[in-house]
Amino acid sequence: MLYTERYNEWLLFDDETKQELLKITDEKELEDRFYKDLQFGTGGLRGIMGAGPNRMNKYTVGKATLGLAKYLAAEFDGEKRVVIAFDSRNLSAEFAKSAAQVFAAKGITVYLFGQIMPTPVLSFAVQYLNCTAGVVITASHNPKEYNGYKVYDRNGCQLVPEYADKVIAYVNEITDLRAVPHLDYEVACASGLIKCVGDEVLDAFLAAVKQQELYTETNGLKVVYTPLHGTGNIPVRRILGQYAVSVVPEQELPDGNFSTVRSPNPEEKDALTLGIAQAERENADLVLGTDPDCDRVGIAVRHNGAYVLMTGNQVGALLADFVLRFKKDTLTEKSTLVKTIVTNDLGANIAKSYGLQVVETLTGFKYIGDRINRYAQSGTNEFVMGYEESYGYLVGTHARDKDAVVASMLICEAAAFHKKNGKTLVDALHDLYAQFGFYLDALDSFTLKGKDGAERIRSIMSAFRTAGETAFDGVERVIDYSLGVDDLPKENVLKFIFENGSWLSVRPSGTEPKLKIYYSVCGENEETANATLQSLRRFIHDTIGE
């Protein structure tokens, strides 16, 4: 069907949808909304909010929910129960309520959080409430125009391809979006098919996080915290109750427009601008910022009178060193650290020095969560910690997803520990460099929107794949994960390993119209590593363009 035909169909859906579509005069905008369906991937849906099949709206949410409901009915016996959470984004609460009504219409009991809640709390709640699945309405750290729908298995882990493919098949069978059933909300509540989740779950989650506490002395550590208008405000402040914490007032309350930041992403250096300014006024030791669904955390550290932003790789390595330093007497030959293939090797080498096994997964924390599930079943490994370069960390198994609440707690503990020894986290990082070598990392993202952008991404990946070892000077080998590597699922990722141990990886984003280039350069010192990094980045920018 031509996109214009689909557009005409949607004009008949409802008056609000019709009026939104009639205001659009840009033909490329219409094409992007209607040339395809918003893809239900391994993590669920994520897209720009608006009318049309390639957008997040009540119809695409209903379609995804009905497909998931049919999957649960086919795969699981007995009563099915689903817990739903949502973040502070525009329409998140409405999408959550709509999804609950669809599940209720199919006879599935729903536990619906009554207020915004972090994604790791949803992951924890699936097992705590003995549910068959979980859903969280969030687009994580994406810009304000986006929203999403993430699906969790009965262990609280995002769906991996083995299970997601089955759900996708059911979702794709649904063609009449207006026929998706919704049970009246009041009727569903009165009949017990929709139940409100109270404070008990968050209390239990925080108690589980507290079990990961390793160092209790605060040593006068002063912290500035910003939830970036998201869900972390209450949980993070509660878990950091023993510290002197001040919250950035302009970013404390929920705001789906994220009006004080360009993007609510702690990976972006300007996301912590207000937090750093407040820290300077208060002479704080540390700045913490969590993203809207509180599964990622970024930090800035006061060092020699200035605030130094630290990367996900650096914080992951510091956490690995801190956690293993305190757990070393309880480690066994089964103890394992799990990292993604685009996370640098510093934390892995630290873990190996403590005798840990190191396991690599594909990009996406769902694969780390899946390892925890597997280890729980097999008993072959004991999960100690998992992390990825994109500011996501997990210590403990209370969740099956990255958790900025436990990470915030342990980052503060590590900072307090090193402060007692007269060091900052920057000093501690340089101690690790002295022992394991200097690591320098970077990420370049090229935004390529619409149908033309998707085709260009495919073309660039094909060109790199064809060039192979000749794509860059000094390449020792190329790993093409689309062919299948070890026991990992196939995925469209290329990794170029250089003769000196540095590497570069190329992959299309799974959640945004972007091509991502990951760089990890190791060298004897910062100067040589930086020269190598800049050379690689210039080549990439010349090849792909701005």
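Look up a bit, the structure's there.
The sections below set out a description of the structure shown in this document. Keep in mind that this is a model prediction, so the values were computed, not measured.

Calculation criteria
- Here the residue index of a chain counts from 1 through its sequence in written order.
- The predicted origin of the model limits local features to residues at a pLDDT of at least 70 and limits the giving and counting of side-chain atom pairs to 80 or more, whereas totals for whole chains, interfaces and linings rest on all residues.
- Computation of side-chain values covers all heavy atoms of the structure but excludes hydrogens and water.
- What counts as a helix is a DSSP run of H or I of at least four residues, what counts as a strand is a run of E of at least two, and both are numbered from the N terminus.
- For every residue, the accessible area obtained with a 1.4 Å probe (protein chains only) is divided by the maximum for its type, and the residue is called buried under 20%, exposed over 50%, and partly exposed between those limits.
- Within this document, salt bridges are pairs made up of a side-chain nitrogen of Lys or Arg and a carboxyl oxygen of Asp or Glu, the two lying within 4 Å of each other.
- A pair of strands is labelled paired if DSSP reports no fewer than 2 bridges between them.
- Axis definition: a line fit to C-alpha positions, over the contact stretch in the case of helices; interaxial angles, taken between N-to-C directions, run 0 to 180 degrees.
- Two residues qualify as a contact provided that any one of their heavy atoms is within 4.5 Å of a heavy atom in the partner residue.

### Brief notes about unusual backbone geometry
So, step 1. Of note, the phi angle at Phe 258 is positive, near 45 degrees, even though the residue is not glycine.
So, step 2. Structurally, Phe 258 is set in the loop between strand S8 (244-247) and helix H11 (273-282).
So, step 3. Note on Phe 258: relative accessible area 2%, which makes it buried.
So, step 4. Positive phi, close to 55 degrees, is recorded for Cys 294, a residue that is not glycine.

### Re the pattern of salt bridges
When their charged atoms lie close together, side chains carrying opposite charge are able to pair.
So, step 1. Applying the stated rule across the entire model yields 35 salt bridges.
So, step 2. Arg 33 is the partner of Glu 29 in a salt bridge, and the nearest nitrogen-oxygen pair spans 2.8 Å. Within this pair, Glu 29 and its partner Arg 33 are both found in helix H3 (residues 27-34), separated by four residues, close to a single helical turn.
So, step 3. The exposure class of Glu 29 is partly exposed, given its relative accessible area of 26%.
So, step 4. Arg 262 serves as the salt-bridge partner of Asp 270, at 3.0 Å between the closest nitrogen and oxygen.
So, step 5. A network of salt bridges, in which partner residues are shared, links Lys 150, Asp 293, Asp 295, Glu 388, Asp 401 and Lys 402.

### Things to note about the sheet that holds strand S18 (residues 494-498)
So, step 1. The strand order across the open sheet built from five strands is S16-S20-S19-S18-S17, with neighbouring strands paired in antiparallel fashion. With partners counted over all chains shown, the strands left at the sheet margins are strand S16 (438-447) and strand S17 (475-480), one partner each. On average, each strand axis in the sheet is tilted by 15 degrees relative to the strand beside it, whichever way the strands run.
So, step 2. Here five bridges tie S17 to S18, and the two strands are oriented antiparallel to one another. Residue pairing in the sheet places Asp 480 in a bridge with Leu 494 of S18.
So, step 3. The strands that helix H17 (residues 450-467) touches are S17, S18, strand S19 (503-508) and strand S20 (514-523); relative to S19, the one it contacts most, it runs at about 145 degrees.

Purely geometric stuff here, so don't read any function into it on its own.
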